Amino acid sequence: MPTCPAGERCRQCGTAGSGQFCETCGFAVSASGAPPAGAPGPAQEPVSEGRNGREFAGNGSMPMRAEPGSWTAVVGADLLYYENVIRSGGEDAPRVPFPLYCTERRFHLTGTEMRIGRRSASRGLEPEIDLTGPPSDPGVSRLHAVFIAGPDGWAILDPGSANGTLLNDQEIPTGVPVALAAGDRIHLGAWTMIRIQAA
């Protein structure tokens with residue numbers, strides 16, 4: 001996980017080394033103490049192409065291609081992804097069960113950002129897309145990823161989760177917002193899949 005320079009702390013809760021989004025409270029602060037790179041705003045650097053073919057700018061601003069209308073994140077379990085994780089996982093992988101029953105959950109994307117993770121009362125973290133369960137995917141970090149709104153649609157950013165985030169089977173780089181489009185599949189944790197639907 002990216003850490004702040006020595007001596008820098010989250011302005012919300014004081015945790016050291018919190019990167020763009022504080023792992024403890026979810027506050028959106030970059031290592032410099034300024035608003036996070038993914039915050040909506042004009043692009044200031046040339047746009048380049050990411051590993052998954054989506055455009056992003058070096059400072060996190062990007063042209064996003066889809067309309068911002070009624071977007072929905074549909075959360076469920078993906079058996080094929082789970083089997084791949086188990087095959088490539090560490091020694092704890094076989095102890096992570098695939099859920100026998102996992103109701104599909106829908107979250108409408110609203111506001112300027114929506115955090116994805118697992119609720120933590122002790123840390124005061126209440127992500128807008130709460131994957132605490134049941135069933136609970138142990139591979140999902142407390143603050144795993146963030147959906148960020150822009151003038152033309154949504155992007156996803158992984159602030160430094162323990163197990164990474166895949167977009168359409170390609171791992172996204174840490175700390176860089178990547179544009180989303182209708183039909184995109186996001187995989188995280190041991191078996192969680194988020195499908196993007198847009199009107």
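Residues numbered from 1 in each chain as written. Predicted model: local features only at pLDDT ≥ 70, side-chain atom pairs only at ≥ 80, totals over all residues. Heavy atoms only, no water.

## Structural notes on unusual backbone geometry
Stage number 1. One non-glycine residue with positive phi stands out, namely Asn168, at about 50 degrees.
Stage number 2. Tracing the backbone shows Asn168 in the loop between β9 (165–167) and β10 (170–171).
Stage number 3. Looking at Asn168, the relative accessible area reads 25%, which means it is partly exposed.
Stage number 4. Phi angles above zero are rare outside glycine, and Asp169 is one such case at about 70 degrees.
Stage number 5. With respect to the element layout, Asp169 can be found in the loop between β9 and β10.
Stage number 6. A residue is classified by how much of its surface remains accessible, and Asp169, at 49% relative accessible area, is partly exposed. (Helix = DSSP H or I, 4+ residues; strand = E, 2+ residues; numbered from the N terminus. Buried < 20%, exposed > 50% of the residue type's maximum accessible area, 1.4 Å probe, protein only.)

## Remarks on the environment of Arg185
Stage number 1. Within the secondary structure layout, Arg185 lies in strand β12 (residues 185–188).
Stage number 2. Look at Arg185 and you get partly exposed, because its relative accessible area is 27%.
Stage number 3. Each C-alpha atom of the pair Arg185 and Asn168 lies 5.1 Å from the other, and the pair is 17 residues apart in sequence.
Stage number 4. With residues up to four places along the chain from it excluded, the contact list for Arg185 reads Leu166, Leu167, Asn168, Asp169, Met193 and Ile194.
Stage number 5. Side chain to side chain, Arg185 and Asp169 meet in a polar contact 3.2 Å long. (Contact = heavy atoms within 4.5 Å. Polar contact = N/O pair within 3.5 Å; in protein donor to acceptor, adjacent residues only side chain to side chain.)

## Details of the side chain of Ser141
Stage number 1. With respect to the helices and strands, the residue Ser141 is situated in the loop between β6 (129–130) and β7 (143–150).
Stage number 2. Within polar-contact distance, the side chain of Ser141 engages the backbone nitrogen of Ala162 at 3.1 Å.

## Side note on the sheet that holds strand β8 (residues 153–157)
Stage number 1. The sheet built from 5 strands is open, its strands ordered β6-β5-β7-β8-β11 with mixed pairing. The two strands at the open ends of the sheet, each matched to only one other strand, are β6 and β11 (178–179).
Stage number 2. As paired elements, β8 and β11 share 2 bridges and run antiparallel to each other. Residue pairing in the sheet places Ala155 in a bridge with Ala179 of β11. (Pairing = 2+ DSSP bridges.)

## Thoughts on the sheet that holds β12
Stage number 1. Within the open sheet, the 6 strands sit side by side as β4-β3-β13-β12-β9-β10. Their pairing is antiparallel. At either end of the open sheet lies a strand with only one pairing partner, and these are β4 (105–108) and β10.
Stage number 2. Where β12 and strand β13 (residues 192–198) come together, 4 bridges link them in antiparallel fashion. By the bridge assignment, His187 is partnered in β13 with Met193.

## Quick word on the pairing of β7
Stage number 1. Counting buried residues along β7, 8 of its 8 residues qualify, which places the element largely inside the surrounding structure.
Stage number 2. Bridge count between strand β5 (residues 113–117) and β7: 5 bridges; the pairing is antiparallel. Bridge pairing in β7 places Arg115 opposite Val146.
Stage number 3. Between the antiparallel neighbours β7 and β8 lie 2 residues.

## What about the confidence of the model for the protein chain?
Any residue range with low pLDDT should be treated as having predicted coordinates unsuitable for detailed reading.
Stage number 1. Chain-level statistics for the protein chain give a pLDDT mean of 77 and a share of 65% at 70 or above.
Stage number 2. Within the protein chain, β12 carries the highest mean pLDDT (98), whereas strand β1 (residues 47–49) carries the lowest (39).
Stage number 3. In this model residues 30–52 is a low-confidence stretch, pLDDT under 50, and it forms 52 contacts with partners more than four residues away in sequence or in other chains. (pLDDT = per-residue confidence, 0-100.)

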